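Now for the letters of each chain:
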Amino acid sequence: FAKDASAECKSLANEYKSFDADNEKIAQMAPPSRPISKVFEAGDVTWYAPTTLSEVIALRNKLKRPPFVLGDTAKGMRQAAYETFGGKAKAMIYLGNVDELNFIEESHHNLIFGAGMRVDDIVQALKKRADKLAYANELAAGLSTLAQRHVRGEAGWAGNLMLTRTGFPSDLVPCLLAVDAKVSFVTDNPHHEETINIEDFKQGHVPANALLTKLTIPLKTQGLFRYYRVAQRKWLAHAFVNAAFRIDVDPNTKKVTEARVAIGVYGQGPKRSEAAEEALVGSALNTESMLKTIRGIHSDLDVEFSSEAQYKSTDNPKGKDEYRKYLPDSYVFKFFQEAQRALGIKAWGDSELGLMKPLPLKRSTLKYEDRPGHESRPQLSAPGLTTGAVKYTDDMPVPSLYGYPVVTTCATGKITRIDVGHAECADGVKAVITAHDIPGVNDAGFAPGEEPLFLTEGSQIQSPGQQIALVVAKTYRQAKKAAAMVKVEVSGANVGAILTLDDAIAKDSRFADTDAEVGERDPVEAAMKNGTNRVTGSTYVVGQHGFPMEKQAACAVPEERGGMTVWSATQAPDFCRAKLAGILGLHGKGSLVAVKC
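Residues numbered from 1 in each chain as written. Predicted model: local features only at pLDDT ≥ 70, side-chain atom pairs only at ≥ 80, totals over all residues. Heavy atoms only, no water.

Chemist: I'm lost on the overall build of the protein chain in this one. Help?
Modeler: Within the protein chain one finds 17 helices and 22 strands. The proportion of buried residues among the 597 residues of the protein chain is 37%. Taking contacts inside the protein chain between residues at least 6 apart in sequence as the whole, the part at least 24 apart equals 63%. Working note: accessible area of the protein chain is about 36,900 Å², and carbon and sulfur atoms make up 53% of it. (Helix = DSSP H or I, 4+ residues; strand = E, 2+ residues; numbered from the N terminus. Buried < 20%, exposed > 50% of the residue type's maximum accessible area, 1.4 Å probe, protein only. Contact = heavy atoms within 4.5 Å. Areas by Shrake-Rupley, 256 points an atom, 1.4 Å probe, with all protein chains shown as cover.)

Shown next as structure tokens:
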């Protein structure tokens, strides 16, 4: 017992005998019954859950382009398949109950996974076979960089592999390339299975209607494997570039007898570098062979280097291209160091791995905000937000309709026509709200006249993302689908667009038709001249990568006398109340904003 355990706690414990888990057995629950085939509907999509591979193939041949789903962790990506573009897919096939796809087995020195197994199933199976696969733990660690554990627990390896064919930057595939994995698939006949090397699993080499069935990883008792990646964050971030290496080394000569070098998120999909592998085989792990390996990677892959637009900006048009091109070099350098240490060629210390010239760090004597009242403390709302103790907008127990906004997609231009006819006739749509439906003032900006709630025909566009209409429907998907049906015609789209702060200052660009007053402060020139120190320069803030404090969601409940109760996460409840009253024509009465700060 703890030292501060109460007497009641101790007396209660005395009423029960201790349990010896080594000598007594706990009654086990009966095994779950075998799943049966099911069909159910969610919104306008029909889901099928077959239990045999023959059923899967029959359903695939019967239905029109049905996506296969396991953990459904790629929902954001497959929206393009069945939500955004006119709802192409009306049926989904779940593979989690198919017997032939849900298994793990060993056969002929191979570890085999069915296509229904999750990524974490592979990780756990590898950790249990460290005595059968020389680099089991290192391979498991590489696969554990995929997303986060809760995602790996649901995401299937097969879905990840299929997404890679469309350009998805996978952490899984480079690892599998380096360990000579194989994949099996069927097409129209569930009994006719083909097996290929994983590097051959790409568009043009495999039929479009292929369904993955197995993943085979050879169990090798020797070899050295390492996986490397650099990303914006440790979790849930695509790698800038990733790489997997595997070598076999002769224990006597210390020369490489077999090599695999796989690079991902660099060229047109993950692939092996044959030139780098040739440079390694037959060579000792020294500086000369390291440089040859680096040159081999670039000779194979630089011709198809893929620039990443997401890292580019107006101020940095090259993005991270040069940095990404250098990453394979640093990976090779670190791999050589780790291999030299593992094989006893050179005793690198932990602090030296990956560093050209390790420099000692000096201990700082500075303290962060050590003044009273400025101590670093956890945010007051953090425990409730992270544990689910507080309610978000979507947690409100209110039967409701769903709204999806129609917004501008260009930076400048004049709206000449807004046609909501098709959207109003779409399934589940209750209304399409535009500026004409506003009973009060069409104004939602901080300064009067700064920003209308909805743009109208004849309005000048000031930026992308300005609201034009709001589609209200029975479900979120119906609202989103109908919003794409609203037709907006714009003249002079993006003509004269101002994309940088420097351009805005040079052109003296200001919001038009606002009543905001900008007061002049006391002249600063005289004070600058008399100042002891003067510093000249500029600083720029490119933007915010993530800003989750105010969720872009609200729940609006109509009340009596035309009022409205709105649940919203906001820092400005008084401002929201005033603007809502103005938009609804309530003159400051009858509206309430419930705030979650």
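Chemist: Before we go on, may I ask you to explain the sheet that holds strand β13 (residues 271-272) in this structure?
Modeler: The strands that make up a sheet are held in pairs by hydrogen bonds between backbone atoms, and each pair lies either parallel or antiparallel. Here we have four strands laid out as an open sheet, ordered β10-β11-β12-β13, and antiparallel in their pairing. If you trace the sheet from one side to the other, it starts and ends with β10 (224-231) and β13, each paired once. Pairing of strand β12 (residues 256-264) with β13, which is carried by two bridges, proceeds in the antiparallel orientation. Note that in β13 the partner of Ala262 across the bridge is Arg272. (Pairing = 2+ DSSP bridges.)

Chemist: Can you help me understand the sheet that holds strand β8 (residues 194-197) in this one?
Modeler: The strand order across the open sheet formed by five strands is β5-β6-β9-β7-β8, and the pairing between neighbours is antiparallel. The two strands at the open ends of the sheet, each matched to only one other strand, are β5 (104-107) and β8. In this sheet, adjacent strand axes meet at a mean angle of 25° when their direction is disregarded. Inspection of the sheet shows strand β7 (residues 182-186) paired to β8 by four bridges, in the antiparallel sense. Bridging across to β8, Lys182 finds its partner in Asn197. Set on the sheet, helix α4 (residues 119-127) makes contact with β5, β6 (110-114) and β9 (211-218); between it and β6 the angle comes to about 155°. Against the sheet, helix α7 (residues 157-164) engages β6, β7 and β9, with an angle of about 100° to β9. (Axes fitted to C-alpha atoms, helices over the stretch in contact; angles between N-to-C directions.)

Chemist: I would appreciate a short explanation of the packing of aromatic side chains in the present structure.
Modeler: We describe a pair of aromatic rings using the distance from one ring centre to the other and the angle between the two ring planes. Within this structure, the stated rule accounts for ten aromatic pairs. Connected via pairs of aromatic rings, a cluster forms that spans Tyr228, Phe245, Tyr331 and Phe335. When the ring centre of Phe305 is taken as reference, the NZ or CZ atom of Lys325 above it lies at 5.0 Å. (Phe/Tyr/Trp six-rings, centres within 6.5 Å; stacked < 30°, edge-to-face > 60°. Lys NZ or Arg CZ within 6 Å of the ring centre and 35° of its normal.)

Chemist: Is there a simple way to explain the environment of Lys220 in this structure?
Modeler: Relative to the elements of secondary structure, Lys220 occurs in the loop between β9 and β10. A C-alpha to C-alpha distance of 9.3 Å links Lys220 and Ala136, two positions 84 residues apart in sequence. Look past the residues within four positions of Lys220 in its chain and what remains in contact with it is Lys132, Leu133, Ala134, Tyr135, Asp180, Arg246 and Glu258. In terms of polar contacts, Lys220 uses its side chain to reach the side chain of Asp180, at 3.5 Å. (Polar contact = N/O pair within 3.5 Å; in protein donor to acceptor, adjacent residues only side chain to side chain.)

Chemist: What is the right way to read unusual backbone geometry from this model?
Modeler: When glycine is set aside, most residues are seen to have a negative phi, and most peptide bonds are trans. Despite not being glycine, Ala147 has its phi angle at roughly 50°, a positive value. Look at Ala147 and you get buried, because its relative accessible area is 18%. For Val265, which is not glycine, the phi torsion reads 55° and is therefore positive.

Chemist: Could you clarify how one ought to interpret the pattern of salt bridges in this entry?
Modeler: Any two side chains of opposite charge can pair, so long as their charged atoms come close to each other. Per the stated rule, a full pass over the model turns up 21 salt bridges. Linking Glu193 and Lys214 is a salt bridge whose minimum nitrogen-to-oxygen distance equals 3.3 Å. Of the two residues, Glu193 is situated in the loop between β7 and β8 and Lys214 in strand β9; the sequence distance between them amounts to 21 residues. Since its relative accessible area comes to 33%, Glu193 is described here as partly exposed. By relative accessible area, Lys214 is classed as partly exposed at 25%. Residue Glu258 pairs with Arg260 through a salt bridge whose shortest N-O separation is 3.7 Å. Note on Glu258: relative accessible area 22%, which makes it partly exposed. Put simply, Asp180, Lys220, Arg246, Asp248, Glu258 and Arg260 are held in one network by salt bridges that share partners. (Salt bridge = Lys/Arg side-chain N within 4 Å of Asp/Glu carboxyl O.)

Chemist: Would you take a moment to explain the pairing of β5 for this structure?
Modeler: Each regular strand shows side chains that alternate between the opposite faces of the sheet. Where β5 and β6 come together, four bridges link them in antiparallel fashion. Of the residues in β6, the one forming a bridge with Glu105 is Ile112. Count of turn residues in the β5/β6 antiparallel hairpin: two residues, of which His108 carries a positive phi of about 50°.

Chemist: Is there a simple way to explain the packing of helix α10 (residues 287-301) against helix α11 (residues 321-342) in this structure?
Modeler: Angle between the axes and distance between the axes are the two parameters that describe a pair of packed helices. Interaxial distance between α10 and α11 falls to 10 Å at its minimum, and their mutual angle equals 150°. Viewed along their axes, α10 and α11 adopt a mutual orientation that is roughly antiparallel. The interaxial crossing formed by α10 with α11 has right-handed handedness. Listed contacts from α11 to Ser289, Met290, Thr293, Ile294, Ile297 and His298 of α10 are Lys325, Pro328, Asp329, Val332, Phe333 and Phe336. Class assignment of the residues belonging to the contact of α10 with α11 gives a composition of seven nonpolar, three polar and two charged. (Parallel < 35°, antiparallel > 145°, perpendicular 65-115°, else oblique. Left-handed = near helix turned anticlockwise from the far one by under 90°. Nonpolar A, V, L, I, M, F, W, Y, C, P; charged D, E, K, R; others polar.)

Chemist: I tried to follow helix α5 (residues 136-143) on my own but got confused; where do I start?
Modeler: Note on helix geometry: an α-helix contains 3.6 residues per turn, so any two residues three or four positions apart are oriented the same way. When we look at burial in α5, the residues that qualify are Ala136, Leu139, Ala140, Gly142 and Leu143. Projection of α5 onto a plane perpendicular to its axis shows the buried side chains occupying an angular sector of 160°, all on one side. Where the residues of α5 are buried, they touch α4, α6 (149-152), α8 (172-178), β9 and β10. (Arc of directions from axis to C-beta.)

By themselves, these observations are geometric and do not establish any function.
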